[in-house]
Amino acid sequence: MNRLVAALLVCSLAGCASVAKVESGPRTIGERMTVNLDGAWNHVTAPNMGPAQTWTMEGLPIDQLLIYSGMKDGQVMHAETAGSGRKSFAFRSTMQPDEIVAMFEGMLTRDGSSFKLVKLEPASFGEKGFRFEYQLIRKVDNVQLSGIGYGSVSKGELFAIVYLAPRLTFFSRHQGRVEQIARDARLKI
Amino acid sequence: MRRRDFLAAGCACGAGLVSRLAAAQTPQTPWQAPPRFARPDVAGDEGGLWAMMDRQETKLRQSPFALRDPKLQAYVQDIVCRLAGDHCPDVRVHLVRTPYFNASMAPNGMMQVWTGLMLRADNEAQLAAVLGHEIGHYMARHSVEQLRDAKSRSGAASFLALFGVVGAIGQLGLVAGSFAYSRDHEREADRIGALLMRKAGYDIAEAAKVWENLLLEIKARGEGAEKTSPMFASHPPPDERKEVLGRLAQESAGGVSNEPAWREHVKPYLREWLNEEVKRAQHEESLALLTRMIGRLPAEPDYTFARGEVYRLRAKGSDHDAAIADYQAAVAVGGEPPETHRGLGTIYRLRRRPLEATASYRRYLDLAPDAPDSAMIKSYLEELRT
């Protein structure tokens, strides 16, 4: 995430990052996933941001909602930095929920941040899936964050959302919206 | 008493080694530990650096990554004091929860020791080898030379990474933060570290093993990995390092490794540190590390379980077979982590072996009824029942 923030800063200064408003109401993400938003979000795009859509309410790096729609077997889940020597995390269609959560954990802690799983339970996300809660201590600034995620694997493809915001004030401010997105998510068969 | 004898003998041998080493380097001026450093004038560049490191140390004390265990802290501080001699009062050890191989020492005396290093040390002497190396940089004031060099080429970021500055970006890696000194500085720190080890009564042969073990992990990344590793970009080649340290050890054989004391002190954290290691998802490196550890300590179920987890998460070829074998080996030894049974249950469930999956998941919930994933496991049990 540090690299993402740094990249966004550089891109913003260079004029290559953009933020677009995502209006409330039904939205299609990718080819098969539809969500229904009860309020507007900000969609941040920049080179090297990876396959997930990155949305935010407060602005990066305060909070972020990563949305994965239709990740295929073997597809890398994040932007890769050439020559960094860092591990890449790729989705496998045979992954179990705990393995998918471990994959997200690995991604979120590539900068040395600390992740603690609080809960993993069955839940609906378009179809039969899972929900997880976690806490993260961000290495770069020691900020303590809370997060939730939902996911399901449909026809071998991964659909998931992962939200993250500072534990104080911000997480509780937007958690309800994220839960609502998950509840209303639909997948085209 | 025995330990004190060893240390006394070590001091005597160390004194001889000091003169031999010094003779090999600069016959006219044998290396001697410098007197304690006075705080530099804050108006100068070195004083400014100390002030910056003081602020970082304040942050580090409050950091949620700080491992606050007075017993382990005192133990590591004692090792440092035996190495640092007169400088002992100036060196403050901070244990940091980060699963990478690293220790660093700032010029103001702030020493960081990361848990990934402690996981990898086989004994007290191996930790002392790394800490002695860092104290070597400190005593030789390499950081001041680097500071002036960094200022001349605007290399501030890599310079700060030398000290594992809290929040510094980009210094993470298997040997994070250890690649910005020059090769000559590293060679000198190796030699001073070996001298300090010997004076403190440790077996220098353990220093060579540290780098040998680390090389094993780096090579596990794949062919040519050691050439692209930041560790070796500015450090002496590993073969040279092994050879030099090995020669020093031969010239002054003996000393202690203190493995039982080391094991006793790190035992309470072993499960947590192994968990962090597995979560790094650097599967090949972890397998190299864990296979080496299992070879040394086959009766320790946590290592066998951790390797089983790495195999299960990597899931290539026959990895699930290897995972089952490791999980079962951990169970056979006894005292295995509850998650051993979750791992077995997951693979059995994937293989459509409902009886074994059910038994394993039930055992997991018996041992860890409040596990964060208990609701998920109960849903699997329900699914297996129907």
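Residues numbered from 1 in each chain as written. Chains lettered and ligands numbered in written order. Predicted model: local features only at pLDDT ≥ 70, side-chain atom pairs only at ≥ 80, totals over all residues. Heavy atoms only, no water.

Enquirer: How do you make sense of the overall build of chain B when you look at a structure like this?
Expert: Assigned secondary structure in chain B consists of 20 helices and 3 strands. Taken over 386 residues, chain B has a buried fraction of 58%. If you take every contact in chain B between residues at least 6 apart in sequence, the share linking residues at least 24 apart comes to 67%. In the form shown here, chain B has an accessible surface area of approximately 16000 Å², with 54% of it arising from carbon and sulfur atoms. (Helix = DSSP H or I, 4+ residues; strand = E, 2+ residues; numbered from the N terminus. Buried < 20%, exposed > 50% of the residue type's maximum accessible area, 1.4 Å probe, protein only. Contact = heavy atoms within 4.5 Å. Areas by Shrake-Rupley, 256 points an atom, 1.4 Å probe, with all protein chains shown as cover.)

Enquirer: What is the right way to look at the interface of chain A and chain B in this model?
Expert: As a measure of interface size, the accessible area lost when the parts come together is often cited. Contacts between the two partners involve 34 residues from chain A and, on the opposite side, 29 residues from chain B. Overall, the association of chain A and chain B removes approximately 2500 Å² of surface from exposure, summing both partners, and the carbon and sulfur fraction of that is 56%. Viewed at the interface, chain B and chain A are joined by 4 salt bridges. A salt bridge links E383(B) to K128(A), with the shortest nitrogen-to-oxygen separation between them at 3.7 Å. Element by element, the count of residues in the side of chain A that touches chain B is highest for strand β7 (residues 114-125) of chain A, at 8 residues. By residue class, the composition of the side of chain A that touches chain B is 11 nonpolar, 10 polar and 13 charged. (Buried area = accessible area lost by both parts, 1.4 Å probe. Salt bridge = Lys/Arg side-chain N within 4 Å of Asp/Glu carboxyl O. Nonpolar A, V, L, I, M, F, W, Y, C, P; charged D, E, K, R; others polar.)

Enquirer: How should I be thinking about the state of the cysteines in this particular structure?
Expert: Structurally, a disulfide amounts to a covalent bond that connects the sulfur atoms of two cysteines. Residue and element names in this part refer to chain B. Scanning the entire structure with this criterion turns up 1 disulfide over all chains. One disulfide in the model links C81 with C88; its S-S distance is 2.0 Å. Sign of the S-S torsion, about 55° for the bond between C81 and C88, identifies this disulfide as right-handed. The exposure class assigned to C81 is buried, which follows from its relative accessible area of 19%. (Disulfide = S-S within 2.5 Å.)

Enquirer: Whenever I open this one, the confidence of the model for chain A confuses me. Can you help?
Expert: Where the model shows low pLDDT, its predicted coordinates should not be examined in detail. Predicted confidence across chain A gives a mean pLDDT of 89, with 88% of residues reaching 70 or more. Confidence scores differ between elements of chain A, with helix α1 (residues 2-14) of chain A showing the lowest mean pLDDT of 52 and strand β10 (residues 157-166) of chain A the highest of 98. (pLDDT = per-residue confidence, 0-100.)

Enquirer: It is not clear to me how the nonpolar core should be interpreted in this structure. Could you clarify?
Expert: Proteins that are soluble and globular tend to have nonpolar side chains buried together. Among the nonpolar cores identified, the biggest contains 114 residues, and F104(A), V76(B), L83(B), V113(B), L127(B) and L131(B) are the most heavily contacted of them. With residues near it in sequence (within four places) discarded, F104(A) still touches Y68(A), M77(A), F132(A), L158(A), A160(A) and V162(A). Listed in part, the 24 residues of the second largest apolar core include I29(A), L37(A), I67(A) and I161(A). (Core = buried A, V, L, I, M, F, W, Y, C linked by side-chain atoms within 4.5 Å.)

Enquirer: Help me out: how do you make sense of the sheet that holds strand β8 (residues 127-137) of chain A in this one?
Expert: All names here are of chain A. Strand order in the open sheet made by the 8 strands is β1-β4-β5-β6-β10-β9-β8-β7, with antiparallel pairing throughout. Looking at strand neighbours, the two that pair on one side only are β1 (18-22) and β7, the edges of this open sheet. The mean inter-strand angle of the sheet, taken between neighbouring strand axes irrespective of direction, is 20°. Of the strand pairs in this sheet, strand β6 (residues 64-71) and β10 are connected by 7 bridges, and their pairing is antiparallel. When the bridges of β10 are listed, M71 appears paired with L158. On top of the sheet, helix α3 (residues 170-184) reaches β4 (41-45), β6, β7, β8, β9 (144-154) and β10; it is set at about 165° to β10, its chief contact. (Pairing = 2+ DSSP bridges. Axes fitted to C-alpha atoms, helices over the stretch in contact; angles between N-to-C directions.)

Enquirer: How should I be thinking about the sheet that holds strand β2 (residues 103-105) of chain B in this particular structure?
Expert: The strands making up a sheet associate through backbone hydrogen bonding, with each pair oriented either parallel or antiparallel. Residues and elements named next belong to chain B. Taken together, the 3 strands give an open sheet; going across it, the order is β1-β3-β2, and neighbouring strands pair in mixed fashion. Both outer strands of the open sheet, β1 (92-96) and β2, are each paired with one neighbouring strand and no more. Recorded for the sheet is a direction-independent mean angle of 15° between the axes of neighbouring strands. In this sheet, strand β3 (residues 110-114) lies alongside β1 in parallel orientation, the contact comprising 5 bridges. Residue pairing across strands places R92 opposite M110, the latter belonging to β3. On the sheet, helix α3 (residues 70-84) packs against β1 and β3 and is oriented at approximately 130° with respect to β1.

Enquirer: Would you mind going over the pattern of salt bridges with me for this structure?
Expert: Taken as a whole and assessed by the stated rule, the structure comprises 46 salt bridges over all chains. With a closest N to O distance of 3.0 Å, R120(B) and E277(B) form a salt bridge. You can see R120(B) sitting in helix α4 (residues 115-120) and its partner E277(B) sitting in helix α14 (residues 270-279), a full 157 residues away along the chain. Each member of the pair, R120(B) together with E277(B), is buried. Residues R271(B) and D302(B) are paired through a salt bridge, measuring 3.0 Å at the closest nitrogen-oxygen approach. Of this pair, R271(B) sits in helix α14 while D302(B) is found in helix α16 (residues 301-314), placing the two residues 31 residues apart along the sequence. A relative accessible area of 6% places D302(B) in the buried class. It is possible to trace a salt-bridge network through shared partners that takes in D98(A), E99(A), E309(B), R312(B), R342(B) and D373(B).

Enquirer: What's the story with the packing of aromatic side chains in this structure? I'm lost.
Expert: Within a pair of aromatic rings, the relevant descriptors are the distance that separates the centres and the angle that separates the planes. Under the definition given, this model contains 15 aromatic pairs over all chains. Where Y269(B) meets W273(B), the ring centres are 5.5 Å apart and the plane angle is 15°; that geometry is what we call stacked. The exposure class of W273(B) is buried, given its relative accessible area of 4%. Grouping aromatic residues by their ring pairs yields a cluster made of Y68(A), F104(A), F115(A), F130(A), F132(A) and Y134(A). Taking NZ or CZ as reference, K139(A) lies 4.7 Å from the ring centre of F65(B), over its face. (Phe/Tyr/Trp six-rings, centres within 6.5 Å; stacked < 30°, edge-to-face > 60°. Lys NZ or Arg CZ within 6 Å of the ring centre and 35° of its normal.)

Enquirer: Any chance you could explain the layout of surface pockets here in plain terms?
Expert: Gaps left between atoms are located by rolling a probe of water-molecule size over the structure's atoms. Taken as a whole, the largest pocket encloses approximately 1300 Å³ of empty space. Forming the boundary of the largest pocket are 50 residues, of which A102(A), E105(A), N275(B), K279(B) and R342(B) lie nearest the centre. Elements represented by at least two residues in the lining of the largest pocket include exactly α2 (97-108), β7 and β8 of chain A together with α14, α15 (283-296), α16 and α18 (339-350) of chain B. (1 Å grid on protein atoms, 1.4 Å probe; cavity = no way out; pocket = protein on both sides within 12 Å on 5 of 7 lines; lining within 4 Å. Points joined across faces, edges and corners; volume = space filled by probe spheres on them.)

Enquirer: In this structure, what is going on with the packing of α18(B) against helix α19 (residues 354-367) of chain B? I would like to understand it.
Expert: The description of two helices packed together rests on the angle between their axes and the distance between the axes. Residue and element names in this part refer to chain B. Contact geometry for α18 and α19: axes closest at 8 Å, N-to-C directions at 155°. It follows that α18 is roughly antiparallel to α19 by the angle criterion. Relative to α19, the crossing made by α18 is left-handed. Residues E339, H341, R342, L344, G345, T346, Y348 and R349 of α18 touch α19, and the partners they reach there are E356, A357, S360, Y361, R363, Y364 and L367. Taken together, the residues that form the contact of α18 with α19 break down as 6 nonpolar, 4 polar and 5 charged. (Parallel < 35°, antiparallel > 145°, perpendicular 65-115°, else oblique. Left-handed = near helix turned anticlockwise from the far one by under 90°.)

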